[in-house]
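# Fold and geometry: a report
The lines below spell out each chain.
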Amino acid sequence: MTTNLEVRDGVGTILLDRPPMNALDVATQDRLRELAEEATRRDDVRAVVLYGGEKVFAAGADIKEMQAMDHPAMVVRSKALQDSFTAVARIPKPVVAAVTGYALGGGCELALCADFRIAGDNAKLGQPEILLGLIPGAGGTQRLARLIGPSRAKDLIFTGRHVRAEEALAIGLVDRVVPAAEVYEQAHAWAAKLAKGPALALRAAKESIDAGLETDIDTGLTIERNWFAGLFATEDRERGMRSFVEEGPGKAKFL
């Protein structure tokens, strides 16, 4: 298993590499947390792509490993599992999932941790845990319902069915469908474009949206107001406004 972080043009690619299906065993889960924390710390990483390779994103948890766990073991492990995925979701930079082939169970839950999902036309997504007598345990019942609504989430989770790329697009599970061979490059290009933006403003936007979704509108507006005012202390705000006044909109270059 060589899951790692590769950086190019300000974009850090977290590459899952556990052939043949990128099953998310305990070691891979822990490695994801480490890489998410590294991507958060590194100044040369301004956006992130989650990628499983040309054939498969991640086909789920390692079922053989899970089968050997009893209740006390999973009480301990389930928190670490969720913490790994939460670390990805809380990377304070734009994150895009580049989804090819299967993204099932934990693989789908990992894609849900991204801000944007680009899927190949060969992608199949789903939460089939119910077929094992289980429910999603890495955030699927929460993030999926928030993304596509409770009724559609219940459809996928209650039945365990797979969703092809076009249906995933129609219900809002993915944001774009492209030819499978183009998934990574399009995801990287989208992330690289955002990587050129103002890092603190992007962080403020992401945290305002994500935190606001978890609370009432008044609290959400307070979160937004505090971030908005705080950005007036940044060099990026000075640079962006000066460029607008002197050169017109959309021409500012941020460091």
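Let me begin by describing the structure that accompanies this report. (Residues numbered from 1 in each chain as written. Predicted model: local features only at pLDDT ≥ 70, side-chain atom pairs only at ≥ 80, totals over all residues. Heavy atoms only, no water.)

The full count for this structure, using the stated rule, is 17 salt bridges. Across the pair E37 and R33 runs a salt bridge whose closest N-O atoms are separated by 4.0 Å. Remark: R33 and E37 occur in helix α1 (residues 26-41); sequence separation between them is four residues, near one turn of the helix. Given a relative accessible area of 36%, E37 falls into the partly exposed group. Note that D83 is salt-bridged to K79, the shortest N-O span being 2.9 Å. Of this pair, D83 and K79 are both found in helix α3 (residues 71-89), four residues apart, which corresponds to roughly one turn of the helix. By sharing partners, the salt bridges in this structure join D30, R33, E37 and R77 into a single network. (Salt bridge = Lys/Arg side-chain N within 4 Å of Asp/Glu carboxyl O. Helix = DSSP H or I, 4+ residues; strand = E, 2+ residues; numbered from the N terminus. Buried < 20%, exposed > 50% of the residue type's maximum accessible area, 1.4 Å probe, protein only.)

Turning next to unusual backbone geometry. Cis geometry is adopted by the peptide bond preceding P20, which originates at P19 and carries an omega value of 5°. Among the secondary structure elements, P20 is positioned in the loop between β2 (11-15) and α1. Positive phi, normally seen in glycine, also occurs at D9, with a value near 55°. Note on placement: D9 falls in the loop between β1 (4-8) and β2. The class of D9 is exposed, set by a relative accessible area of 55%. Phi at N22 is positive, roughly 55°, even though this residue is not glycine. Tracing the backbone through its elements, the reader meets N22 in the loop between β2 and α1. A relative accessible area of 4% means that N22 is categorised as buried.

Pairing is mixed across the open sheet formed by three strands, whose spatial order is β5-β7-β8. Strands at the two margins of the open sheet, each flanked by one partner only, are β5 (102-104) and β8 (162-164). The mean angle between the axes of side-by-side strands here comes to 20°, regardless of whether they run parallel or antiparallel. (Pairing = 2+ DSSP bridges. Axes fitted to C-alpha atoms, helices over the stretch in contact; angles between N-to-C directions.)

This part is about the sheet that holds strand β9 (residues 176-178). On the basis of which strands lie adjacent, the open sheet formed by six strands has the order β1-β2-β3-β4-β6-β9 and mixed pairing. The sheet terminates laterally at β1 and β9, the two strands that pair on one side only. Adjacent strand axes in the sheet meet at a mean angle of 25°, parallel and antiparallel pairs treated alike. Note: strand β3 (residues 47-51) against strand β4 (residues 95-99), four bridges, orientation parallel. If you follow Y51 over to β4, its bridge partner there is A98. Running at roughly 30° to β1, α1 makes contact with β1, β2 and β3 of the sheet. (Contact = heavy atoms within 4.5 Å.)

Taken N-terminus to C-terminus, the directions of helix α9 (residues 199-213) and helix α10 (residues 217-230) make an angle of 170°; their axes are 9 Å apart at the nearest point. By the angle between their axes, α9 is roughly antiparallel relative to α10. For the pair α9 and α10, contact is made by R203, A204, E207, S208, A211 and G212 and by G220, I223, E224 and W227, respectively. Here the residues of the contact of α9 with α10 are counted per class, giving four nonpolar, three polar and three charged. (Parallel < 35°, antiparallel > 145°, perpendicular 65-115°, else oblique. Nonpolar A, V, L, I, M, F, W, Y, C, P; charged D, E, K, R; others polar.)

With that out of the way, let us pick up the environment of E109. Within the secondary structure, E109 sits in helix α4 (residues 106-112). It is 27 Å that separates the C-alpha atoms of E109 and T219, two residues lying 110 residues apart in sequence. A polar contact is formed between the side chain of E109 and the backbone nitrogen of G140, at a distance of 2.8 Å. (Polar contact = N/O pair within 3.5 Å; in protein donor to acceptor, adjacent residues only side chain to side chain.)

This brings us to the side chain of D236. Within the fold, D236 resides in helix α11 (residues 235-247). For the buried D236, no salt bridge exists, and the shortest N-O distance to an oppositely charged side chain is 4.6 Å, to R239. Once you skip the residues sitting within four places of it in the chain, D236 turns out to touch P198, A199, L200, F254 and L255. (Lys, Arg positive; Asp, Glu negative; His and termini not counted.)

By themselves these figures say nothing about function.
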